[in-house]
Amino acid sequence: MVSQRTGLLKYGFVGPALVVLIVLNIFPLLYNVVLSFTDAELVGGGARYVGGSNYSRVFSTAEFVEAIRTTAVFVAAAVSIELCLGFCLALALQRGFRGKSAILTVLLIPMMLSPAVMALFWHQILSGDYGILNHILAAVGLGQPEWLTAPGLKLISILMIDVWMWTPFMMLIALAGLNSIPQYIYEAAEIDRAGAWRIFRRITLPMCAPLLALAVLLRTTDALKQFDLVMAVTGPNDAATQTLSALLFQKVFGDGKTGLGSAYACVLLVIVIALASVFTRYIDFIQRKQGKTQQ
Amino acid sequence: MKIIRWLVIVVYFSVAVMPLAWLAITSFKLKEDTISPTAKFIPVASKIESPDGSDTSVLFTASTDAYRRLGAVNIGSDYSFFHYLANSLIIGALSALSAVGLGTACAYGFSRFRIAGAKDWLFFILSTRFLPPLAVVVPVFMMYRQFNLQNTHVGLILLYTSFNLSLSVWLMKGFIDDIPRAYEDAALVDGYSRLQAFWRIIVPHAATGMAVTAVFCLISALNEYGFAMALNSSRAVTVPVYFAGLQGNISGVPWPQVAAGALVFVVPVAVFTVLVRKHLLRGVTFGTIKQ
């Protein structure tokens, strides 16, 4: 074997990246935990230790409960709509036809674009007075909803933009799932005269499920962090759309309460770590499964 | 069945493309046509005069005015769009380069050497991707204030490098795992040192993978908004932050310029998307699914 006698060289390869990650990601995390027990403020130094009082404030305010609710509604709605739409699209696009790859590529573009820039432009589409969406609704005789200002509609507007951006992501992974089902299974089912619905229920869906689950996990952890769209559509301090990230931002940069903001960050972090550990375990599972089929 | 399939594709495609088409149309308008109470979607070359003064025409005067005015400084900002575009490109390119460089070396180490706890380290690296950026914004903000990295390009480059490392390491590990070990073994037998083998054998063979990874890192750095905004009020302001700042413009958002600028900003991203389309699946799943 050649990989002996390499001594310290291997650490020279892996070390720098790990150092960068530890300095810029892990150290700030720990620092954040320390800050969350102080009354640090954005301007002026001299933070004092205040015990768990930031945390008791976090859990006793209505804002926090409200933000958890908003975030949960947003994540659940966004992920489920994107999953259903994306899977339907993947089913529709599964069979080959002329121009398929061009159509696929165009469909994938929204998810690569800057959420902040595109969400700002979406004001042109959603505006109650001059937005193209309301022009279209007027043309077919429907109402003129105030998408960006009516309290009940703001979150739906953000949801719309998120669905526009991220449905292609679900579609992409769902298509990979569909393509991984061997043709002979369908042929065997046809010989057994299984109906279309039965084939879908018993073959297509279960065989796609592992990849769909991966897509759902990835999207969930991403949607939980949603911040850019909220900022662009309503700003961080709007009761109707204040997600956890927006609330945290408002506490730190709006109110200047750094210590309190850090406590929010820790709470958010616990939620994300719980989800991420499910996620990394799942990736491990998929990789081992892929390894098996490749051999 | 066939009809339903086509219906799904056609309907979704038109809805999904509409915002992009509208972006392009808006960029050729004059400002008053972007806030008109009637939808204006048919461009005409000549100037339109409405006979009775009411404005119900769906025609608008096509103009490249917005593109020409990208070089002008908008009310409320210090520089023109191109200044911010240059910031974005410099920060994006340098952070992508360093993320790919560090990531390739790290991936090579994990791919070819026996490292204690390698799997745990790899999952540690992956887990940093799931950190909500806002959970570290406060300490990073304070660290940067301490080291005078606020409002600097270097500050954002460092930060984006670290955010992209997880993706870079995982993608590159996938690409390097695919290169047969025999290539390097032969080189080592021929008297190459480990570093030479890495440089002369692995890097050329992994070049496509490195380019693909760089594109993903570049795009995510170009698109980042939260930190760019929180850490900058001047100098290293990037395009997303600049656009977000126009929202509070007292004379109203200059929509044609926003659209023109957004188009200039996103067209390269769209082109890159087309270039890496075969690797998109790999990119968005951290190399978990190879196709």
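About the thresholds
Residues numbered from 1 in each chain as written. Chains lettered and ligands numbered in written order. Predicted model: local features only at pLDDT ≥ 70, side-chain atom pairs only at ≥ 80, totals over all residues. Heavy atoms only, no water. Helix = DSSP H or I, 4+ residues; strand = E, 2+ residues; numbered from the N terminus. Rg over C-alpha atoms; globule rule 2.2 N^0.38 Å. Buried < 20%, exposed > 50% of the residue type's maximum accessible area, 1.4 Å probe, protein only. Contact = heavy atoms within 4.5 Å. Areas by Shrake-Rupley, 256 points an atom, 1.4 Å probe, with all protein chains shown as cover. Buried area = accessible area lost by both parts, 1.4 Å probe. Salt bridge = Lys/Arg side-chain N within 4 Å of Asp/Glu carboxyl O. Polar contact = N/O pair within 3.5 Å; in protein donor to acceptor, adjacent residues only side chain to side chain. Core = buried A, V, L, I, M, F, W, Y, C linked by side-chain atoms within 4.5 Å. Domains from an automatic or database assignment. Phe/Tyr/Trp six-rings, centres within 6.5 Å; stacked < 30°, edge-to-face > 60°. Expected span 1.5 Å × (residues − 1). 1 Å grid on protein atoms, 1.4 Å probe; cavity = no way out; pocket = protein on both sides within 12 Å on 5 of 7 lines; lining within 4 Å. Points joined across faces, edges and corners; volume = space filled by probe spheres on them. Nonpolar A, V, L, I, M, F, W, Y, C, P; charged D, E, K, R; others polar. Axes fitted to C-alpha atoms, helices over the stretch in contact; angles between N-to-C directions. Parallel < 35°, antiparallel > 145°, perpendicular 65-115°, else oblique. Left-handed = near helix turned anticlockwise from the far one by under 90°.

What follows is about the overall build of chain A. Looking only at helices and strands, chain A has 12 helices and 0 strands in total. The order of α-helices and β-strands along chain A, N terminus first, is α-α-α-α-α-α-α-α-α-α-α-α. Here the C-alpha radius of gyration of chain A, 24 Å, is well above what a compact globule of 295 residues would show, namely 19 Å. By the burial criterion, 55% of the 295 residues in chain A qualify as buried. Within chain A, counting contacts between residues at least 6 apart in sequence, those at least 24 apart form 66% of the total. Working note: accessible area of chain A is about 13,200 Å², and carbon and sulfur atoms make up 64% of it.

Accessible area lost when the parts come together is the quantity often used to give the size of an interface. On the chain A side, the residues contacting the 97 residues of chain B number 95 residues. It is Tyr12, Phe130 and Leu134 of chain B that lose the most area in chain B upon contact with chain A, and together they represent 9% of the buried surface on that side. At the junction of chain B and chain A, the tally comes to 0 salt bridges. Connecting chain B to chain A are 9 residue pairs in polar contact (both at pLDDT 80 or more).

Ranked by internal contacts, the top residues of the largest apolar core, which has 201 residues, are Leu93, Met111, Leu113, Met171 and Leu214 of chain A together with Trp170 and Phe243 of chain B. For this core, the domains that each give at least three residues are domain 1 (2-69) and domain 2 (71-284) of chain B. Not counting residues up to four positions away in its chain, the partners in contact with Met171 of chain A are Gly86, Leu89, Ala90, Leu93, Leu104, Leu107 and Leu108 of chain A.

Another aspect to go through is the packing of aromatic side chains. All names here are of chain A. Applying the stated rule across the entire model yields 28 aromatic pairs over all chains. Consider the rings of Trp197 and Phe200, whose centres lie 5.8 Å apart with planes at 25 degrees: the pair is stacked. Of this pair, Trp197 and Phe200 both sit in helix H9 (residues 196-224), separated by 3 residues, roughly a single helical turn. Using a relative accessible area of 60% as the deciding quantity, one classes Trp197 as exposed.

Given a rise of 1.5 Å per residue, 12 residues ought to cover 16 Å, and the 16 Å separating the end C-alpha atoms of helix H9 (residues 194-205) of chain B matches this to within 8%. Restricting attention to buried positions, one finds in H9 of chain B the residues Arg194, Ala197, Phe198, Ile201, Ile202 and Val203 of chain B. Buried residues along H9 of chain B sit in contact with helix H1 (9-35) of chain A together with helix H4 (81-112), helix H7 (153-177), helix H8 (181-189) and helix H10 (207-223) of chain B.

This part covers the domain arrangement of chain B. All names here are of chain B. The domains assigned to chain B are domain 1 (2-69) and domain 2 (71-284). Facing 13 residues of domain 1, the contacting portion of domain 2 comprises 15 residues. By the criterion of area lost to domain 2, the three top residues of domain 1 are Leu23, Lys31 and Arg69, representing 49% of everything that side buries. Across the contact surface, domain 1 and domain 2 share 0 residue pairs in polar contact (both at pLDDT 80 or more).

For the rest of this paragraph, the subject is the pattern of salt bridges. Enumeration over the complete set of coordinates arrives at 11 salt bridges over all chains. A salt bridge links Glu63 of chain A to Lys251 of chain A, with the nearest nitrogen and oxygen atoms 3.3 Å apart. Of this pair, Glu63 of chain A sits in helix H3 (residues 62-93) while Lys251 of chain A is found in helix H11 (residues 244-254), placing the two residues 188 residues apart along the sequence. For Asp177 of chain B, the salt bridge identified is with Lys173 of chain B, shortest N-O distance 3.1 Å. Here Lys173 of chain B and Asp177 of chain B lie together in helix H7, a separation of 4 residues that amounts to about one turn. Exposure remark for Asp177 of chain B: the relative accessible area of 36% places this residue in the partly exposed category. One continuous salt-bridge network, built from bridges that share partners, spans Glu63, Lys251 and Asp255 of chain A.

All names here are of chain A. On the secondary structure map, Ser180 appears in the loop between helix H7 (151-179) and helix H8 (183-191). Looking at Ser180, the relative accessible area reads 47%, which means it is partly exposed. Sequence separation between Ser180 and Ala62 is 118 residues, and the spatial gap between their C-alpha atoms is 47 Å. Engagement of the side chain of Ser180 in a polar contact is seen with the backbone oxygen of Gly177, the distance being 2.7 Å.

This paragraph deals with the layout of surface pockets. Taken as a whole, the largest pocket spans an internal volume of roughly 790 Å³. The wall of the largest pocket is formed by 20 residues, among which Leu91, Gln94, Arg95 and Phe200 of chain A together with Met1 of chain B lie closest to the centre. At the level of elements, H3, H8 and H9 of chain A together with helix H1 (2-26) of chain B are the ones that each hand at least two residues to the lining of the largest pocket. Across the lining of the largest pocket, the residue classes tally to 13 nonpolar, 3 polar and 4 charged.

Scanning the entire structure with this criterion turns up 4 cavities of 30 Å³ or more. Reported here for the largest cavity is a volume of approximately 1,200 Å³. Lining the largest cavity are 43 residues, and of these Trp166, Asp222 and Lys225 of chain A together with Arg129 and Ser220 of chain B sit closest to its centre. Breaking the lining of the largest cavity down by element, the ones donating at least two residues are H7, H9 and helix H10 (228-233) of chain A together with H7, H10, helix H11 (226-231) and helix H14 (280-284) of chain B. A total of 5 residues in the lining of the largest cavity trace back to one element, the largest contributor, which is H9 of chain A. Residue composition of the lining of the largest cavity, by class: 26 nonpolar, 10 polar and 7 charged.

Turning our attention to unusual backbone geometry. All names here are of chain B. Within the chain, Asn148 stands out as a residue other than glycine whose phi angle is a positive 55 degrees. On the secondary structure map, Asn148 appears in the loop between helix H6 (137-146) and H7. Despite not being glycine, Asn151 has its phi angle at roughly 55 degrees, a positive value. Tracing the sequence through the fold places Asn151 in the loop between H6 and H7.

All names here are of chain B. Where H10 meets helix H13 (residues 255-275), the closest approach of the two axes is 11 Å, and the angle between their N-to-C directions is 155 degrees. One way to sum up the angle between H10 and H13 is to call them roughly antiparallel. The chirality of how H10 crosses H13 is left-handed. On H13, the residues touching Val215, Leu218, Ile219, Leu222 and Asn223 of H10 are Phe265, Val269 and Phe272.

Glancing now at the side chain of Thr285 of chain B. In this fold, Thr285 of chain B is placed in the segment after H14. For Thr285 of chain B, a relative accessible area of 1% translates into the label buried. Setting aside residues up to four positions removed in sequence, Thr285 of chain B forms contacts with Ile173, Leu214 and Leu218 of chain A.

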